[in-house]
Every structure is written in C-alpha cells, then in structure tokens.
Amino acid sequence: MNLESQGRRILICDVDRTVLELLQIRFDLAGCHTFVARTGASALETVRTARPAAMILELNLPEMDGFDVLRALNPRGEGIHFPVLVMGKKLSAEDIQRAVALGARDCLAKPFSGADVLERVARQFRRHAPPAPPLAAQSLRTAMV
C-alpha cells in the first residue's frame, strides 16, 4: 500500500466516533493527513477548505445523507475529481449503483477491517496514477543527465 510516500489528505465522514477514530489512526499510521467530519455539510466544507485526495463517506448521515453529498460534489454529473469510497451497514445493489452513478469509485459494507479500507483507498490511487515512462525513456533521460 503506497499511501505513505505521498502524505495524502484523506477525509473520513461518519457519524460513528469509533469508526472515525479507527480509520483516522489507520490512515495516520500509513502516513496520511486525515480530516474527519460527522455530517454531510461539514464534509462538504472540509472538501472546500482541505482539498482531500480521497474521501471515505458513510451513506447514513443525519440531515444530508451520503447521496446528497455525492450530488453536491458532482453537480453536473461530470465526475468527482478524487476517489470516494462509500460505506454503509446495509448496502443494497441499488445503493451501490446509485452511489457509483453519482461519482463514488468504490463501496464497502460495514463491518470492515481497517486494513481492508486502506487497501481499497490505495487501490484507487494506483488505478488513477499517471503511467510510468517506459524503461527505455527512463534510461535515455538518465544518460542525458
């Protein structure tokens, strides 16, 4: 899992303090800088101010649920510019389809392990990383220096 070297900013949004603490500790130990939010509105504010590299979003939030947050992050349906991992206790196939249609890149049912969440977020970063230059191009650049 290659989260450490980037010092990535991760926003975790959940109403459950235990989940927030568990994930915050896991990501901090992995070298990430974490932000936490307990409501959808505070998550949106944190996105504006902290500009996270990824977000872990509980669907069942008070007042503004996770679907509302996804809609606010993706108002024109053009996609969200960072990976969003949606989680929930009882994710139905319809919930997953709806979340993905609104811009989520992955879904995870609760309960989960902290290691599983780390791996899923790391996978999203690997999936969207710029491709490495071919080996021949790397050798040529090194020879030119």
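Residues numbered from 1 in each chain as written. Predicted model: local features only at pLDDT ≥ 70, side-chain atom pairs only at ≥ 80, totals over all residues. Heavy atoms only, no water.

Undergrad: Which residues make up the overall build of the protein chain, and what values do they have?
TA: Along the backbone of the protein chain there are six helices and five strands. If you list the helices and strands of the protein chain from N to C, you get β-α-β-α-β-α-β-α-β-α-α. In the protein chain, once contacts between residues fewer than 6 apart in sequence are set aside, the share between residues at least 24 apart is 61%. Counting only carbon and sulfur atoms, one obtains 54% of the accessible surface of the protein chain, whose full area is about 8400 Å². (Helix = DSSP H or I, 4+ residues; strand = E, 2+ residues; numbered from the N terminus. Contact = heavy atoms within 4.5 Å. Areas by Shrake-Rupley, 256 points an atom, 1.4 Å probe, with all protein chains shown as cover.)

Undergrad: Report on the confidence of the model for the protein chain, specifying residues and quantitative values.
TA: Chain-level pLDDT for the protein chain is 84 on average; 83% of the residues reach the 70-or-more range. Of all helices and strands in the protein chain, the one with the weakest mean pLDDT is helix H6 (residues 135-144) (46), whereas helix H3 (residues 66-73) scores best (96). Counting contacts from residues 136-145, a segment whose pLDDT is below 50, to residues more than four positions away or on other chains yields two contacts. (pLDDT = per-residue confidence, 0-100.)

Undergrad: Please set out the packing of aromatic side chains residue by residue, giving values where relevant.
TA: If you walk through the whole model with that rule in mind, you get zero aromatic pairs. Directly above the ring of Phe 67 sits Arg 98, whose terminal nitrogen or CZ lies 3.8 Å from the centroid. (Phe/Tyr/Trp six-rings, centres within 6.5 Å; stacked < 30°, edge-to-face > 60°. Lys NZ or Arg CZ within 6 Å of the ring centre and 35° of its normal.)

Undergrad: Outline the nonpolar core, supporting the account with residue identities and numerical values.
TA: Counting 24 residues, the largest nonpolar core has Met 55, Leu 57, Leu 70, Leu 73, Val 84 and Val 86 as its most contacted members. Elements with a minimum of two residues in this core: strand E1 (9-13), strand E2 (33-37), helix H2 (40-50), strand E3 (54-58), H3 and strand E4 (84-88). Aside from chain neighbours lying at most four places away, what touches Val 84 is Met 55, Leu 57, Leu 70, Ala 104, Arg 105 and Asp 106. Counting 18 residues, the second-largest nonpolar core is a separate cluster that includes Val 19, Leu 20, Cys 32 and Ile 56. (Core = buried A, V, L, I, M, F, W, Y, C linked by side-chain atoms within 4.5 Å. Buried < 20%, exposed > 50% of the residue type's maximum accessible area, 1.4 Å probe, protein only.)

Undergrad: Kindly report on the sheet that holds strand E5 (residues 106-109), identifying the contributing residues and their values.
TA: In space, the five strands of this open sheet follow the order E2-E1-E3-E4-E5, with parallel pairing throughout. Only two strands of the sheet have a single neighbouring strand rather than two, namely E2 and E5. With strand direction ignored, the average angle separating the axes of adjacent strands in the sheet is 20°. Here four bridges tie E4 to E5, and the two strands are oriented parallel to one another. Following the sheet pairing, Gly 88 is matched in E5 by Ala 109. (Pairing = 2+ DSSP bridges. Axes fitted to C-alpha atoms, helices over the stretch in contact; angles between N-to-C directions.)

Undergrad: Hey, could you go over the pairing of E3 for me, with residue numbers and the actual values?
TA: The element E3 is largely enclosed, with a buried count of five among its five residues. With four bridges connecting them, E3 and E4 associate as parallel partners. For Ile 56, the partnering residue across the bridge sits in E4 and is Leu 85. In this region the chain leaves E3, passes through H3 and returns to the parallel neighbour E4; the handedness of that crossover is right-handed. (Right-handed = clockwise from strand over helix to strand, strands pointing away.)

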